[in-house]
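Structural characterization, general
This is what each chain is made of:
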Amino acid sequence: PTFAEGWALLGAACADLGSLPASVAAYRSALRCPDGLFSGDMNPILRHRCLLNLGHRLINNHIVNLDRMAEAEDVLWQALQLGGKLLTEMKLSETDLPKVKAVQAFAHTNLSLIASLLNNTISEDLHAETGFSMNPDPTTELGLAFAHLFQGKYRSGIEHFEARFPYKLGTYEHYPWPRWKGDRVKRLFVDCEQGLGDSLSFARFIGPASHLVGELVFSVQPELAGLLSRSFRDVPNINVMPQNHVLGDFDAWCPVFSLPVPL
């Protein structure tokens, strides 16, 4: 009952398995453990991390529950308060210092998400920008991207949404061709890496992109291949193909959701 590190590890494992209520219960148990001096005891740095993770898992549930959001907001503010004390009152090691700063940043990113769910656009923007400025990594940048996209700041939102590749879509960065920067090339490969709705919506940028290239191959989900082939049948340099086709050689590539950036 006093093995704080064990409860924290259990909370992480349950979250990885998709059992968010069990994860929340484990983090609550960890936070009830008193601080101690022995291995596995609760300590301020572990408490700081558990407060963040509890807040994050409370938000992760898909149905907005005001009581749960209130608890999440409360523990995230506790995390920020404790992190402030750790940074100003304790001499942190070289390994602990960046971890504490990262937790502070992620707490702001999570507070931005709560504000989004509660339609508080001012707080959403402020916390997202604060989190990204404190720790500019793919996680906090995506938080900023979503905050801007939800508020209709599409140019900034789409630019920051490029962080999705280092965050979760790293395999796309291993294509053998360079990313397209809007320059004139002979053959451009455009891939759909989001959902069906995104492919349909961002197909509006295929036409403008085709004016800058000799041939544009638009790789789409098989369900959309027929519809989009007919949509572009009058444009001779656009070839729509289902994603299961064999790729040829290209001069550059671009994700369809990213086309507005080079354009």
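For the structure itself, consult the block above.
Below or above, wherever it landed, is the structure these notes cover.

Each value, and the rule that gives it
- Residues numbered from 1 in each chain as written.
- Predicted model: local features only at pLDDT ≥ 70, side-chain atom pairs only at ≥ 80, totals over all residues.
- Heavy atoms only, no water.
- Helix = DSSP H or I, 4+ residues; strand = E, 2+ residues; numbered from the N terminus.
- Buried < 20%, exposed > 50% of the residue type's maximum accessible area, 1.4 Å probe, protein only.
- Contact = heavy atoms within 4.5 Å.
- Areas by Shrake-Rupley, 256 points an atom, 1.4 Å probe, with all protein chains shown as cover.
- Lys, Arg positive; Asp, Glu negative; His and termini not counted.
- Charge placed at Lys NZ, Arg CZ, Asp CG, Glu CD.
- Pairing = 2+ DSSP bridges.
- Salt bridge = Lys/Arg side-chain N within 4 Å of Asp/Glu carboxyl O.
- Expected span 1.5 Å × (residues − 1).
- Axes fitted to C-alpha atoms, helices over the stretch in contact; angles between N-to-C directions.
- Phe/Tyr/Trp six-rings, centres within 6.5 Å; stacked < 30°, edge-to-face > 60°.

Quick notes on the overall build of the protein chain
- Secondary structure summary: the protein chain contains twelve helices and four strands in total.
- With the C-alpha coordinates of the protein chain rotated into their principal frame, the extents come out at 70 × 35 × 35 Å.
- In the protein chain, which comprises 263 residues, the proportion classed as buried is 44%.
- Pairs at least 24 residues apart make up 64% of the contacts formed inside the protein chain by residues separated by at least 6 positions.
- Here the protein chain has roughly 14000 Å² of accessible surface; of this, 57% comes from carbon and sulfur atoms.
- On the protein chain, the mean spot of the 22 positive side-chain charges and the mean spot of the 28 negative ones are 2 Å from each other.

Some words on unusual backbone geometry
- Positioned with a positive phi, Asn119 is a non-glycine residue whose angle comes to about 60°.
- Within the secondary structure, Asn119 sits in the loop between helix 5 (96–117) and helix 6 (121–134).

A look at the pairing of strand 2 (residues 213–220)
- Where burial is concerned, most of strand 2 is hidden: six out of the eight residues are buried.
- Note: strand 1 (residues 185–191) against strand 2, six bridges, orientation parallel. Note that in strand 2 the partner of Leu188 across the bridge is Leu216.
- Strand direction decides the pairing type here: strand 2 and strand 3 (residues 238–242), joined by five bridges, are parallel. Following the sheet pairing, Phe218 is matched in strand 3 by Val240.

Topic: the pattern of salt bridges
- Counted according to the given criterion, the structure contains nine salt bridges.
- As a salt-bridge pair, Arg47 and Asp35 come within 3.0 Å of each other at their nearest N and O atoms. Of this pair, Arg47 sits in helix 3 (residues 44–60) while Asp35 sits in the loop between helix 2 (20–32) and helix 3, and the two are twelve residues apart along the sequence.
- Given a relative accessible area of 45%, Asp35 falls into the partly exposed group.
- For Glu159, the salt bridge identified is with Arg155, shortest N-O distance 3.7 Å. Pair noted here: Glu159 and Arg155 are both in helix 8 (residues 154–160), with a separation of four residues, about one helical turn.

Focus: the environment of Leu263
- With respect to the secondary-structure elements, Leu263 resides in the segment after strand 4 (252–255).
- Each C-alpha atom of the pair Leu263 and Asn60 lies 35 Å from the other, and the pair is 203 residues apart in sequence.
- Apart from the residues lying within four places of it in its own chain, the contact partners of Leu263 are Trp180, Phe205, Pro208, Ala209 and Leu212.

Looking at helix 5
- In this model helix 5 runs 32 Å from its N-terminal to its C-terminal C-alpha over 22 residues, within 8% of the 32 Å that 1.5 Å per residue would give.
- Among the residues trailing helix 5, Asn119 stands out with phi positive, at a value near 60°.

Things to note about the sheet that holds strand 4
- Pairing within the open sheet is parallel, and its four strands lie in the order 3-2-1-4. The outermost strands of the open sheet, each flanked by one partner alone, are strand 3 and strand 4. Ignoring strand direction, the axes of neighbouring strands in this sheet form an average angle of 20°.

Here we look at the packing of aromatic side chains
- Under the criterion given, the structure shown has 16 aromatic pairs.
- A ring pair is formed by Tyr172 and Trp253, whose centres lie 6.2 Å apart and whose planes are at 20°; its orientation type is stacked. With a gap of 81 residues between them, Tyr172 in the loop between helix 9 (164–168) and strand 1 and Trp253 in strand 4 connect regions that are remote in the sequence. Like Tyr172, the residue Trp253 is buried in the burial classification.
- Centre to centre, the rings of Phe202 and Phe205 are 5.6 Å apart; their planes meet at 40°, and the pair counts as tilted.

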